[in-house]
Amino acid sequence: MTNVNIQAEPTPIDVKLDETALIVIDMQKDFLRHGGYGESLGNDVDLLARTIAPIQQVIKAMRDRAMLVIHTREGHLPDLSDCPATKLLRWPEGRRIGDQGPMGRILIRGEEGHGIIDEVAPLPDEIVIDKPGKNAFYKTDLEAVLRERGIVNLLVAGVTTDVCCSTTVSGANDRGFNAIVLADCMAAYDETRHKAALEIIKAQGGIFGWVTDSQKVLQALSKAA
Ligand code: TIU
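Thresholds, definitions, all that
Residue positions are counted from 1 within each chain, in the order its sequence is given. Given that this is a predicted model, residues contribute local features only at a pLDDT of at least 70 and side-chain atom pairs are listed and counted only at 80 or more, while totals for whole chains, interfaces and linings are drawn from all residues. Heavy atoms from the whole structure form the basis of all side-chain values; hydrogens and water molecules are not counted. A strand pair is defined by DSSP finding two or more bridges across the two strands. Secondary structure is summarised from DSSP: a helix means a run of H or I of at least four residues, a strand means a run of E of at least two, and numbering begins at the N terminus for each. To get an axis, a line is fitted to the C-alpha atoms, and for a helix only the part in contact is used. The angle between two axes follows their N-to-C directions and goes from 0 to 180 degrees. Note on contacts: a residue pair is in contact if any heavy atoms of the two residues lie within 4.5 Å. Cysteine sulfur pairs qualify as disulfides if the two atoms are within 2.5 Å. A cutoff of 4 Å decides nearness: a residue is near a molecule or strand if any of its heavy atoms lies inside that distance of it. Definition of a polar contact: a pair of N or O atoms within 3.5 Å, with one able to donate and the other able to accept a hydrogen when the atoms are protein atoms, and with sequence-neighbouring residues admitted only if both atoms are side-chain atoms. The Shrake-Rupley method, run with a 1.4 Å probe sphere, supplies the accessible areas, and residue values consider only the shown protein chains as cover. Put plainly, a pocket is an open set of points on a 1 Å grid over the protein atoms alone with protein on both sides within 12 Å along at least five of seven lines, a cavity is a set where a 1.4 Å probe fits but cannot get out, and a lining residue has an atom within 4 Å of a point. Pocket occupancy is defined atom-wise: a molecule lies in a cavity or pocket when more than half of its atoms are within 2 Å of its grid points. Three categories are distinguished: nonpolar for Ala, Val, Leu, Ile, Met, Phe, Trp, Tyr, Cys and Pro, charged for Asp, Glu, Lys and Arg, and polar for the others, with Gly belonging to the last.

K.L.:
When you look at the sheet that holds strand β10 (residues 210–212) in this model, what are you seeing that I'm missing?
P.N.:
The strands making up a sheet associate through backbone hydrogen bonding, with each pair oriented either parallel or antiparallel. Within the open sheet, the six strands sit side by side as β7-β4-β3-β8-β9-β10. Their pairing is parallel. The open sheet has two edge strands with one neighbour each: β7 (127–131) and β10. When the angles between neighbouring strand axes are averaged without regard to direction, this sheet yields 25°. With three bridges joining them, strand β9 (residues 178–187) and β10 adopt parallel strand pairing. Within the sheet, the bridge partner assigned to leucine 182 lies in β10 and is threonine 212. Of the strands in this sheet, β3 (20–25), β4 (68–74), β7, β8 (153–159) and β9 are in contact with helix α6 (residues 161–174), which crosses β8 at around 165°. The strands touched by helix α7 (residues 191–206) are β9 and β10; relative to β9, the strand with the most contacts, the crossing angle is about 165°.

K.L.:
I keep staring at the environment of isoleucine 55 and nothing clicks. Help me out?
P.N.:
Inspection of the secondary structure puts isoleucine 55 in helix α3 (residues 52–64). As for isoleucine 55 and valine 24, which are separated by 31 residues in sequence, their C-alpha atoms are 8.1 Å apart. With residues up to four places along the chain from it excluded, the contact list for isoleucine 55 reads Val24, Met27, Val120, Ala157, Gly158 and Cys185.

K.L.:
Sorry if this is basic, but what is going on with the state of the cysteines here?
P.N.:
Disulfide: a covalent bond formed between the sulfur atoms of two cysteine residues. Applying the stated criterion across every chain yields a total of zero disulfides. Looking at cysteine 83, it has no disulfide partner, and the nearest cysteine sulfur is the one in cysteine 164, 13 Å off. Cysteine cysteine 185 is unpaired, with the sulfur of cysteine 165 as its nearest cysteine sulfur at 10 Å.

K.L.:
Just checking my understanding: could you explain the site of the ligand for this structure?
P.N.:
Around the ligand lies a shell formed by Asp26, Phe31, Tyr37, Leu41, Glu74, Val159, Thr160, Val163, Cys164 and Tyr189. Contacts to the ligand include valine 159, whose backbone N or O atom sits 3.3 Å from a nitrogen atom. Calculation on the ligand without its partners gives an accessible area of 290 Å², and the protein chains cover 92% of this total. Mapping the ligand onto the cavity grids shows that it belongs to the largest pocket. Looking at the shell around the ligand residue by residue, the classes come out as seven nonpolar, one polar and two charged.

By themselves, these are just geometric observations and shouldn't be taken as functional.
What follows is the structure in structure tokens.
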């Protein structure tokens, strides 16, 4: 199967296309739209919008090559039985997980805000991992899904860089997957934290993984047969 070389920091990386998947993390209305969880935490959700166009490009390139695209959604059961108190009670009543907002109950599975934004919506046959935590490996079958399909390299996109993306990258690294982060396909609610999270991933010789961008990935894929 085709081998491509992706330019990245701290080093380029060779990947086989059939061992490589894209994971698009939590591109949900609750994080990107007004009135959702992200805004309830006091954030400017518009800071995440710049990720949409490059993610669309990378998703298309992956689909064109019949490569695996996985989506994740953070959220909780309607009875909140999977939401620990530490996550639930940190914020004032009215702005908590499970409280009613303009897009339904905040961060609850099945509500409008929990849905992935239309611009990067999964195809009906694509895998969607529902996760109760930040790290997409926590209490999900993501690892089994990847192993069943022989995936060793994860192209990582989505939001937010310093929360669900970095913890998932760390989870991937612990399990022996190569995490290759697409910097322009990722954003945080604060640019300093976005940059810091990327710096931590690629420091110390790539202690958690690699950092690249959408154009470098598209360039590498375009060279594949
Ligand atoms: N998906 C994700 O990153 N969950 C968060 O809670 N992110 C924040 O930045 N708060």
